Amino acid sequence: MKVLNLQCSHQHAFEGWFASEDDFQSQLARGLVSCPLCADPAVRKMPSAPRLNLGAAAAAPAGASRELSVPAAAPAGSPSHEVMAAGGSPAVQAEFLKALRHVMANTENVGERFADEARAMFYGDAEQRSIRGQASRAEAVELLEEGIDVMPLPLPAALKETLQ
């Protein structure tokens, strides 16, 4: 199992887990490797320190942190990305993803009906609730001009799909 530090052209850092270096190169060449935050296919490998397992580890002193086990390998040829970051430090990126997951879990996806649903709630024709969906730039401007508060929500591809 190779765990590689990767970075897209927008400076988003993340980990990729691959069966081998050849598996990484193969997936990269086939366009299967992309940034889990912005879907940028311009990914490059960053320097990383290898971990060498040269035998049994010495017993750690009480209270010391221990190394965690690595999950089972993904099948060869399948894209396998673990999000480490979203922009900035890993801690900031983790908080960003946590907030986006909270929004996803606590809002109703109304899809293309977003502008209509937002208007109906604003004018009292529909029950007030937290919604998300798609609207064109023109629709968003119209909503704002009517006094309806909306904001863009950047959803990385990693949040749109089920994480395994």
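A short tour of the structure in this document, coming up. (Residues numbered from 1 in each chain as written. Predicted model: local features only at pLDDT ≥ 70, side-chain atom pairs only at ≥ 80, totals over all residues. Heavy atoms only, no water.)

### Some details on the overall build of the protein chain
Logical step 1: Counting its secondary structure elements, the protein chain contains five helices and six strands.
Logical step 2: Start at the N end of the protein chain and walk to the C end: the helices and strands fall as β-β-α-β-β-α-β-α-β-α-α.
Logical step 3: Taking all 164 residues of the protein chain together, the buried fraction comes to 25%.
Logical step 4: Residue pairs in contact within the protein chain that sit at least 24 positions apart in sequence constitute 55% of those at least 6 positions apart. (Helix = DSSP H or I, 4+ residues; strand = E, 2+ residues; numbered from the N terminus. Buried < 20%, exposed > 50% of the residue type's maximum accessible area, 1.4 Å probe, protein only. Contact = heavy atoms within 4.5 Å.)

### Digging into the nonpolar core
Logical step 1: Counting residues in each nonpolar core, the largest one holds 11 residues, listed as Leu4, Leu6, Cys8, Phe14, Phe18, Phe24, Val33, Cys35, Leu37, Val43 and Leu97.
Logical step 2: Elements represented by at least two residues in this core include exactly β1 (2-8) and β2 (13-18).
Logical step 3: If one sorts the elements of this core by residue count, β1 sits on top with three residues.
Logical step 4: Leave out the neighbours within four places in its chain, and Val43 touches Leu6, Gln7, Cys8, Phe14, Leu28, Val33, Ser34 and Cys35.
Logical step 5: In this structure, Phe114, Ala118, Met121 and Ile131 belong to the second largest nonpolar core, which totals eight residues. (Core = buried A, V, L, I, M, F, W, Y, C linked by side-chain atoms within 4.5 Å.)

### Some details on the packing of helix α3 (residues 114-122) against helix α4 (residues 137-145)
Between two packed helices, what matters for the description is the angle formed by their axes and the separation of those axes.
Logical step 1: Relative orientation of the contacting elements α3 and α4 amounts to 10 degrees, with a least axis distance of 10 Å. With respect to each other, α3 and α4 are oriented roughly parallel. Note on element contacts: α4 touches α3 through Glu139, Glu142 and Leu143, opposite Phe114, Ala115, Ala118 and Arg119. (Axes fitted to C-alpha atoms, helices over the stretch in contact; angles between N-to-C directions. Parallel < 35°, antiparallel > 145°, perpendicular 65-115°, else oblique.)

### Description of the pattern of salt bridges
Logical step 1: A complete count under the given rule lists six salt bridges for this structure.
Logical step 2: Overlapping salt bridges, with partners in common, bring together Glu108, Arg113, Glu117 and Arg129 in one network. (Salt bridge = Lys/Arg side-chain N within 4 Å of Asp/Glu carboxyl O.)

### Quick word on the environment of Val110
Logical step 1: One can find Val110 in strand β5 (residues 108-111).
Logical step 2: Exposure remark for Val110: the relative accessible area of 3% places this residue in the buried category.
Logical step 3: Considering only alpha carbons, one finds Val110 and Gln134, 24 residues apart in sequence, at a separation of 8.0 Å.
Logical step 4: With residues up to four places along the chain from it excluded, the contact list for Val110 reads Glu117, Arg129, Ile131 and Arg132.

None of this, on its own, says anything about what the molecule does.
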